[in-house]
Amino acid sequence: MTAKRTHIDLRSDTVTQPTAGMRAAMAAAVTGDDTYGEDPTTNQLQEITADLLGKEAALYVPSGTMANQIAIKLLTNPGESIVVGAQSHNWMFEAGAIGFISSAQVIVLPGDGRYTAEQLRASALPDQEFFSKTSAISVENTHNMGGGVLWEEGTLQQVLNGADELGLAKHLDGARLWNAAVASRASLAKLASRFDTVSVCLSKGLGAPVGSMLAGSADLIRKARKLRRILGGGMRQCGIVAAGGLYGIENHRARLADDHANAKRLAQGLNAIPGIEVDMERTQTNFVMAHVVDDALDTVEIVQMAAQRGVHFLQVAPKTLRLVTHLDVSRADCERAVAILDEMITNRQVLESSRKQ
Ligand SMILES: *Cc1c(COP(=O)(O)O)cnc(C)c1O
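Since the structure is predicted, the reported quantities are computational estimates derived from the model, not experimental observations.

**Points about the sheet that holds strand β10 (residues 287-292)**
Part 1 of the reasoning: Spatially, the 4 strands line up as an open sheet ordered β9-β10-β13-β12, and their pairing is antiparallel. Two strands lie at the open edges of the sheet, namely β9 (276-278) and β12 (314-317), each paired on one side alone. Averaged over all neighbouring strand pairs, the angle between strand axes comes to 35 degrees, with direction disregarded.

Below you can see the structure in the form of structure tokens.
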């Protein structure tokens, strides 16, 4: 059973609980030994995902981290380098896995996580004696730490052209590509086209309890299967969890538009609170980045006091709060979160309590 929800949890879209419908689908899943390729539900999930992403094949893996790291291992050799955007998940939040698993170096391009073809050309290293040859790029769409922002189509095509000219392999960290597709009204296949590998998460906006997919050519995915085994990610009757992913793809994809609308509502509400600013232009999907612009307000204290009042979110920079909408956050929850924060901040409860200390 799902634990009863009394709090509004805006920390991440990873906190979603499987719905009753999803649990029923999981309980009814037909299973087999997937390391023999005999799990019908996992096979179905892999075929459907490959189709949606416009790739020859896809592989079910336990986490987005494993999907990204298998891709990077496939696309680099030890001692080579991969170009990523600022604060990209695969180098910042995957516990040093690129160095650990691929023995590759990371070239981080400054900015909001998105970067340009000019930046790429200026930083990719040639295959010369002194250098760590650049062999791949990674693009994160939507960009998590950038605030769930979408890559602009023209910029992306130029970056991909640049990568092609430099002979670099291309990985798409599409943990939230589902959100990108809904927000930009583009197909998943279009957003993933031109990339050698693409990872997508089932356990974020889609609400599945576990799992990610890695898609690419049949040859790359055959090699990825072996790497999954090496990393300990070969699974047996995983159809039982794969069914949750399938259910999410079928039933929770279109509703991501609700999460985006709720995030906009939340952003507007927060923007109206004195001392808090949200860039509406950058509120493009299910993320809200709220900046504390009044120096008299203590960001850490805002997080703590809101949590005491049942509203949970993260501080992601000294003066920045991140609030994420998802399946388990309703429109009314967003209104309530705004009301609670407004009361806390406008009535200066944050300041009052600071002064007492
Ligand atoms: C969540 C996420 C991942 C995968 O993280 P896991 O915790 O391994 O599921 C990868 N990339 C991005 C951008 C993410 O937000």
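**As for empty space enclosed by the protein**
Part 1 of the reasoning: The full count for this structure, using the stated rule, is 1 cavity of 30 Å³ or more.
Part 2 of the reasoning: Looking at the largest cavity, its volume works out to about 40 Å³.
Part 3 of the reasoning: Along the lines of polarity and charge, the residues of the lining of the largest cavity split into 8 nonpolar, no polar and no charged.

**Focus on the sheet that holds strand β4 (residues 105-109)**
Part 1 of the reasoning: Within the open sheet, the 7 strands sit side by side as β2-β8-β7-β6-β5-β3-β4. Their pairing is mixed. On the outer flanks of this sheet lie β2 (57-61) and β4, each paired with one strand and no other. When strand polarity is set aside, the average angle formed by the axes of neighbouring strands in this sheet is 20 degrees.
Part 2 of the reasoning: Pairing geometry for β2 and strand β8 (residues 212-216), over 5 bridges, is antiparallel. Its bridge partner being in β8, L59 is matched across the sheet by L214.
Part 3 of the reasoning: Here helix α7 (residues 153-166) sits on the sheet and contacts β5 (134-140) and β6 (169-174); the angle it forms with β5, its principal contact strand, is near 165 degrees.

What counts, and where the lines are drawn
- Along each chain, numbering runs from 1 in the same order as the chain's sequence is written.
- Under the rules for a predicted model, residues below a pLDDT of 70 receive no local features and side-chain atom pairs below 80 are neither given nor counted, while totals for whole chains, interfaces and linings still include all residues.
- As a rule here, side-chain values cover all heavy atoms of the structure and leave hydrogens and water aside.
- DSSP calls a pair of strands paired once it identifies at least 2 bridges connecting them.
- Counting from the N terminus, the helices are the DSSP runs of H or I reaching at least four residues and the strands are the DSSP runs of E reaching at least two.
- In this analysis, axes come from line fits to C-alpha atoms, helices being fitted only over the stretch in contact, and the angle between any two N-to-C directions falls in the range 0 to 180 degrees.
- Each cavity reported here is a set of points on a 1 Å grid over the protein atoms alone in which a 1.4 Å probe fits but cannot get out, each pocket an open set with protein on both sides within 12 Å along at least five of seven lines, and each lining residue one with an atom within 4 Å of a point.
- Grid points are joined across faces, edges and corners, and a volume is the space filled by probe spheres set on the points.
- In this classification, the charged set is Asp, Glu, Lys and Arg, the nonpolar set is Ala, Val, Leu, Ile, Met, Phe, Trp, Tyr, Cys and Pro, and all remaining amino acids, among them Gly, are polar.
- Contact criterion: two residues are considered in contact whenever any of their non-hydrogen atoms come within 4.5 Å of each other.

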